[in-house]
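Summary of the model geometry
What follows is each chain in one-letter form.
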Amino acid sequence: MVKIYKDLEELSRAAARILLEAAQSAVKTRGKFSLVLSGGNTPRRLYELLAEEPYRAQMPWSKTHVFWGDERCVPADDERNNAHMARKILLDQVPIPDEQIHTIASTLPPLKAAEEYQNTLKDYFRGLSPAFDFVLLGLGENGHTASLFPESAVLDEKRYWVSQVYVPNLKMWRLKSTIPILNQARKIVFLIDGASKAGVLSQVLHGTRRPKQLPAQLIQPQNGDLLWLVDQAAASQIQKDTEG
Ligand code: 6PG
């Protein structure tokens, strides 16, 4: 389902409400809430809102476990590290126990870090299928999401839960949860803002299926909900698509 908002502020406020509702419902039914954060700049405002009232008080932080869908292989205090921004803006500001923040060991050799994070996920899910309660994702202008870049070999990964991937044009290793894992989530929410995303969003949603070129098309939860929260600028092309 696609929901369109006036601007990033409204979009972020809606995302905060949806996230809170998912957290409360997960805690009520399963006793805890697993939240997968994304990198990129778009979720910054959402993270700020979650660190402020009323969300700071209403979120079940003591029962929330935080994970990352992908991480850049740079030290934890590097501005490019996905967990760095989330920690600074959100996690350091709310009463979440440190042992419930499951960061990726981004300075280990990539294969080792991927194995370690897979073990972290296996420990958390304890033999059950790895169905995260809430996965937050962003969309890149080239159709990538969560370090799933066009033409990357990791797009076909079926065996491992977490994989290392080298991104040649960024000259950087990244670590990422694989598509079969992400697609078991109960809810996947994309946050997309800005006119620069309008073309690619329309291709991902209404264009020909070309998952090798548009990896975001591979995100299709098996049993969960898929929500696209989009601001008007990013939605301009899909509105034209639906108007015919
Ligand atoms: C990453 C992100 C990535 C991001 C998109 C959108 O680490 O690169 O996980 O998938 O979500 O590139 O980024 P913006 O929100 O900055 O546009």
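Note that the structure is a prediction, hence the values are computed from the model and not measured.

With antiparallel pairing, the three strands of this open sheet are ordered in space as 4-7-6. Strands at the two margins of the open sheet, each flanked by one partner only, are strand 4 (70–72) and strand 6 (162–167). Adjacent strand axes in the sheet meet at a mean angle of 20° when their direction is disregarded. Two elements, strand 6 and strand 7 (residues 172–177), share six bridges in a ladder whose sense is antiparallel. In the strand pairing of strand 7, Val167 is matched with Met172.

The next subject is the pairing of strand 3 (residues 64–68). Across the five residues that make up strand 3, a large majority, five, are buried. Of the two faces of strand 3, the one holding Thr64, Val66 and Trp68 and the one holding His65 and Phe67 are both buried throughout. Where strand 2 (residues 33–37) and strand 3 come together, five bridges link them in parallel fashion. Bridging across to strand 3, Ser34 finds its partner in His65.

Attention shifts here to helix 2 (residues 44–51). Extensive coverage of helix 2 is indicated by the burial of six of its eight residues. Where helix 2 is concerned, the buried positions are Arg45, Leu46, Tyr47, Leu49, Leu50 and Ala51. Taken together, the buried residues of helix 2 touch helix 1 (8–30), strand 2, helix 3 (55–58), helix 4 (82–89), strand 5 (134–138) and strand 8 (187–192).

Glancing now at the site of the ligand. Neighbouring the ligand are 16 residues, the closest being Asn41, Thr42, His144, Ala146 and Lys197. The separation between an oxygen atom of the ligand and a polar side-chain atom of Asn82 is 3.2 Å. Within the side chain of Lys197, a nitrogen or oxygen atom sits 2.6 Å from an oxygen atom of the ligand. Computed on the free molecule, the ligand has an accessible area of 420 Å², of which 88% lies beneath the protein chains in the complex. Across the shell around the ligand, the residue classes break down as two nonpolar, ten polar and four charged.

Before going further, it helps to spend a moment on the packing of aromatic side chains. Counting across every chain of the model gives seven aromatic pairs. Centre to centre, the rings of Phe67 and Tyr124 are 5.0 Å apart; their planes meet at 70°, and the pair counts as edge-to-face. In this pair, Phe67 is assigned in strand 3 and Tyr124 in helix 5 (residues 110–125), connecting sequence segments 57 residues apart. Tyr124 carries the same exposure label as Phe67, and that label is buried. Taken together, the ring pairs connect Phe67, Tyr124, Phe125 and Phe132 into an aromatic cluster. Just above the ring of Tyr124 sits the side chain of Lys32; from NZ or CZ to the centre is 4.1 Å. If you follow Lys122 out to its NZ or CZ, it ends over the ring of Trp161, 4.7 Å from the centre.

Another aspect to go through is the pattern of salt bridges. Under the counting rule described, the total for this entry stands at 13 salt bridges. Where Arg45 meets Glu52, a salt bridge forms, and the shortest distance between an N and an O atom there is 3.8 Å. Accessibility expressed as a relative area gives 18% for Arg45, which makes it buried. Judged by its relative accessible area of 36%, Glu52 falls in the partly exposed class.

Conventions we followed
Residues numbered from 1 in each chain as written. Predicted model: local features only at pLDDT ≥ 70, side-chain atom pairs only at ≥ 80, totals over all residues. Heavy atoms only, no water. Pairing = 2+ DSSP bridges. Helix = DSSP H or I, 4+ residues; strand = E, 2+ residues; numbered from the N terminus. Axes fitted to C-alpha atoms, helices over the stretch in contact; angles between N-to-C directions. Buried < 20%, exposed > 50% of the residue type's maximum accessible area, 1.4 Å probe, protein only. Contact = heavy atoms within 4.5 Å. Near = heavy atom within 4 Å. Polar contact = N/O pair within 3.5 Å; in protein donor to acceptor, adjacent residues only side chain to side chain. Areas by Shrake-Rupley, 256 points an atom, 1.4 Å probe, with all protein chains shown as cover. Nonpolar A, V, L, I, M, F, W, Y, C, P; charged D, E, K, R; others polar. Phe/Tyr/Trp six-rings, centres within 6.5 Å; stacked < 30°, edge-to-face > 60°. Lys NZ or Arg CZ within 6 Å of the ring centre and 35° of its normal. Salt bridge = Lys/Arg side-chain N within 4 Å of Asp/Glu carboxyl O.

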